[in-house]
Amino acid sequence: MRTHSPVGFLLPLLMLIASAALSGCVFVSAALTPFGRVEPLEEHVVSGEGKDKVLLIDISRMITAEEQESSLGLRRRESTVANVEEQLRRAADDDRVKAIVLRVNSPGGTVTASDVIYHRLLTFRDERQVPIVAHFGDLATSGAYYVSLAADEIVASPTSVTGSIGVVMAGLNLEGLMTKLGVANQTIKSGAHKDIGSPLRKMTPEELAILQHVLDEMRDRFAGLVRERRPQFAQSDKVDAFTDGRIVTADQALDAKLVDRIGYLDDAITVARARAHLDRARVVMYRRSSDPAENIYSQSALSSSTQVNLVNFDLGALLPSHAGFLYLWMPGGE
């Protein structure tokens, strides 16, 4: 019986990618693991020493509960919810994990995924009695800030952008374009509002009011959580202004008490060690064997992937294909 070796499979694939790279026709994001085997998490020590540990967990890219498929269908990137859940389960079995640092670099994501991660982090912190410190990179807006509310202390980089406290639902009205093209909407529905938000027609004032009410409730939940978890912010005179969806700089966030201090990732690790009363500790990450970590700035496959630059377009950064409510900073969204 004739068998096909992995080399025989990968060689044509690599030739295809190389050929596409030279022609410049697409931007591929993929990890070359075509056989779909799920690798277990492995612990990587990235700095420090001692028996106690500070665990670094990434909150990056679009926060979602859905897997993201890479180009060419080679590998599905696990969802943020699944990744965080697996790391917390492993950490729960290790008594030497004395603190967690969330390395946040995300514009936000779906409402439910953000809330689930927040809930799991808060539950882990309370059950294990370990401090959680969040550190903001480039972005920690909307759902990413929501998730970070589980932290005991928030450290923002000097150049971080945060805020965007609110909810958005993107939509289009293609009715005018369809009319010009001679295309008619013939949707059949069982109720007046069954196709609410459809791009095939303009929404009625009543439908706009219905959706606005839903968004307002989700916004109020977000804002209420900020007030609960950030009592100093709740007592400031910036509550109304800073819960209208605007983004803010690190200095503005510090002034409004949305964050606790300005600093770098190593400062956040120092804060976590101090909160856990550790004179020294190893800083560790959980990674797949194909996803190495050498220092505290090493990225995971969840936040970056092997890329072949063919066109200036990252397919992995696209929003979910379905409609939904988002805790997301989305420039250009209505």
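Look a little higher up for the structure.
The residue count restarts for each chain, going from 1 along the sequence in the order it is written. Where totals are concerned, whole chains, interfaces and linings use all residues; where local detail is concerned, this predicted model gives features only for residues with pLDDT of at least 70, and gives and counts side-chain atom pairs only at 80 or more. Just so you know, side-chain values use all the structure's heavy atoms and leave hydrogens and water out.

Comment: elements are numbered from the N terminus, with helices defined as DSSP H or I runs of at least four residues and strands as E runs of at least two. Expected helix span is computed as 1.5 Å times (number of residues minus one). For helix α3 (residues 111-128), with 18 residues, the first-to-last C-alpha span of 26 Å sits near the 26 Å given by 1.5 Å per residue. When accessible area is computed with a 1.4 Å probe and restricted to protein chains, residues below 20% of their type maximum are described as buried, those above 50% as exposed, and intermediate ones as partly exposed. Among the residues making up α3, those that are buried are Val111, Ala113, Ser114, Ile117, Tyr118, Leu121, Leu122, Phe124 and Arg125. Two residues or fewer past α3, Gln129 is found with a positive phi of approximately 55°.

Once that is clear, we can look at a nonpolar patch on the surface. A patch is a set of surface residues, each over 30% in relative accessible area and not in a salt bridge, joined within 9 Å for like charges and within 5 Å for the nonpolar side chains Val, Leu, Ile, Met, Phe, Trp and Tyr. What sets the accessible areas is the Shrake-Rupley method with a 1.4 Å probe; for residues, cover comes only from the shown protein chains. Think of a salt bridge as a Lys or Arg side-chain nitrogen and an Asp or Glu carboxyl oxygen that are within 4 Å of each other. Residues Leu172, Leu174, Leu177, Leu181 and Val183 make up a contiguous nonpolar surface patch of roughly 490 Å² in combined accessible area. On the secondary structure map, Leu172 appears in the loop between β9 (161-163) and α5 (175-181). Residue Leu172 is classed as exposed on the basis of its relative accessible area, which comes to 62%.

Our focus in this paragraph is the pairing of strand β7 (residues 132-141). Counting buried positions over the ten residues of β7 gives seven, a clear majority of the element. Here strand β6 (residues 97-110) pairs with β7 via six bridges, running parallel. Following the sheet pairing, Ser106 is matched in β7 by Ala140. Viewed along the sheet, the connection from β6 through α3 into β7 turns out right-handed. As defined by bridge partners, β7 adjoins strand β8 (residues 153-156) across four bridges and the pair is classed as parallel. For His135, the partnering residue across the bridge sits in β8 and is Val155. Seen with its strands pointing away from the viewer, a crossover is right-handed when the path leading from the first strand over the helix to the second is clockwise. Assessed by its sense of winding, the connection that carries the chain from β7 through helix α4 (residues 143-148) to β8 is right-handed. A pair of strands is considered paired only if DSSP assigns at least 2 bridges between the two.

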